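So the chains spell out like this:
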Amino acid sequence: MGLIVGTLMVIACTLGGYMAMGGKLGVLWQPFEVVIIVGSAIGAYVIANPSHILKATGGALGKAMKGSQFKKESYLELLQLLYQILKVAKTKGNLGLEQHIEKPQESALFQQFPGVLANDTATTFLCDYLRMLTLGSEDPHEMEALMDEELELVHHEHSEVAHALTAMSDGMPALGIVAAVLGVIKTMGSISEPPEILGKLIGGALVGTFLGVWVSYGFLGPTASKAQAVYNAEIKFLHVIKAGLLAHMHGSAPAVSVEFARKALVGHDRPTFYEVEEAVGALPPVS
């Protein structure tokens, strides 16, 4: 919603201000300038990026459109799941987790938390490291190093599309200049025309520079930043899991481990201590 509202504001303020100054919208209608700028930018994007980034671009734009799915309620649900999982590990030992982590989609414990279960990346991340616990990997320092490496890889993978869109945005003003120069070349071919014709041709050429800068800083650049912010929120979800598991490996009780996980959240997404306490207190007994 924010992306749509922001886009409408950019259009309204730019074109509204232009019209308020006495400008005529018809002058800005230069479809072939758009073809030069946008078409060249898309072509350069295809040249610069491998196929997996091209395939992921649509998904990134969709995420930017929808915004982050991770709210305080999402993190509270994750903390509840962590509490239940770690309680099983404390009461039944790490081997008691096997029935839940091998097929989490079929686990009654995981099914209590459909929001987390629907997040394949988070579910896989959690189950992978719980599985390592069941296999006997109990050194928290080694586990932390491995988690950090994986988080860095996930962050890099998630950032690739946002960085590619940012590079595309950075090239838009230059492509706007290309369109403007071509418009000037066209104008020079009509140098014998009367001033009113030349003025129209020069104005059309300058629209290329305007469009390049406008699309870059008004639309594409902010969209890339929004996509990156959404991906960063997904990484934060994994950081919460990491904090809870490491606290458990250091010997903390489930409630304390969940508090470590809660502290990994930033203020506007972090539920209070009492909200978490109430939420985990309302959970059914683990079986």
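Here is what the cut-offs are and how they apply
- Residues numbered from 1 in each chain as written.
- Predicted model: local features only at pLDDT ≥ 70, side-chain atom pairs only at ≥ 80, totals over all residues.
- Heavy atoms only, no water.
- Helix = DSSP H or I, 4+ residues; strand = E, 2+ residues; numbered from the N terminus.
- Rg over C-alpha atoms; globule rule 2.2 N^0.38 Å.
- Contact = heavy atoms within 4.5 Å.
- Areas by Shrake-Rupley, 256 points an atom, 1.4 Å probe, with all protein chains shown as cover.
- Lys, Arg positive; Asp, Glu negative; His and termini not counted.
- Charge placed at Lys NZ, Arg CZ, Asp CG, Glu CD.
- Phe/Tyr/Trp six-rings, centres within 6.5 Å; stacked < 30°, edge-to-face > 60°.
- 1 Å grid on protein atoms, 1.4 Å probe; cavity = no way out; pocket = protein on both sides within 12 Å on 5 of 7 lines; lining within 4 Å.
- Points joined across faces, edges and corners; volume = space filled by probe spheres on them.
- Nonpolar A, V, L, I, M, F, W, Y, C, P; charged D, E, K, R; others polar.
- Polar contact = N/O pair within 3.5 Å; in protein donor to acceptor, adjacent residues only side chain to side chain.

A tally of helices and strands in the protein yields 13 helices and zero strands. Counting helices and strands in the order they occur from the N terminus, the protein gives α-α-α-α-α-α-α-α-α-α-α-α-α. Whereas a compact globule of 287 residues would reach a radius of gyration of roughly 19 Å, the protein reaches 27 Å, over 25% beyond that. Oriented by its inertia axes, the alpha-carbon framework of the protein measures out at about 90 × 35 × 30 Å. Taking as baseline every contact in the protein between residues at least 6 positions apart, the subset at least 24 positions apart corresponds to 77%. Total accessible area computed for the protein in this model is approximately 15,300 Å², and 65% of it derives from carbon and sulfur atoms. Distance from the positive charge centre (19 side chains) to the negative charge centre (27 side chains) of the protein: 7 Å.

This paragraph deals with the packing of aromatic side chains. One pass over the full model with this rule turns up seven aromatic pairs. Between F70 and F237 the ring centres are 4.6 Å apart and the planes differ by 35 degrees, which places this aromatic pair in the tilted class. Of this pair, F70 sits in the loop between α4 (51-66) and α5 (72-92) while F237 sits in helix α11 (residues 195-249), and the two are 167 residues apart along the sequence. Ring geometry for W214 and F219: centres 5.0 Å apart, planes at 80 degrees, overall edge-to-face.

Let us look at the layout of surface pockets. One way to see where empty space is left: roll a probe the size of a water molecule over the atoms. Empty space within the largest pocket amounts to approximately 260 Å³. Sorting the residues of the lining of the largest pocket by element identifies α3 (31-48), α10 (140-188) and α11 as the ones contributing at least two each. Of the residues belonging to the lining of the largest pocket, the class tally is seven nonpolar, four polar and three charged. Here the second largest pocket defines a volume of roughly 200 Å³. Around the second largest pocket, the lining comprises 13 residues; the ones closest to its centre are L28, W29, V34, L211 and W214. Of all elements in the fold, only α2 (25-28), α3 and α11 reach the threshold of two or more residues within the lining of the second largest pocket. Its residues placed into classes, the lining of the second largest pocket shows 12 nonpolar, one polar and no charged.

One can find H100 in helix α6 (residues 98-101). A polar contact of 2.8 Å, which involves the side chain of H100, links it to the side chain of S107.

With respect to the element layout, E73 can be found in helix α5. Sequence separation between E73 and R270 is 197 residues, and the spatial gap between their C-alpha atoms is 9.3 Å.

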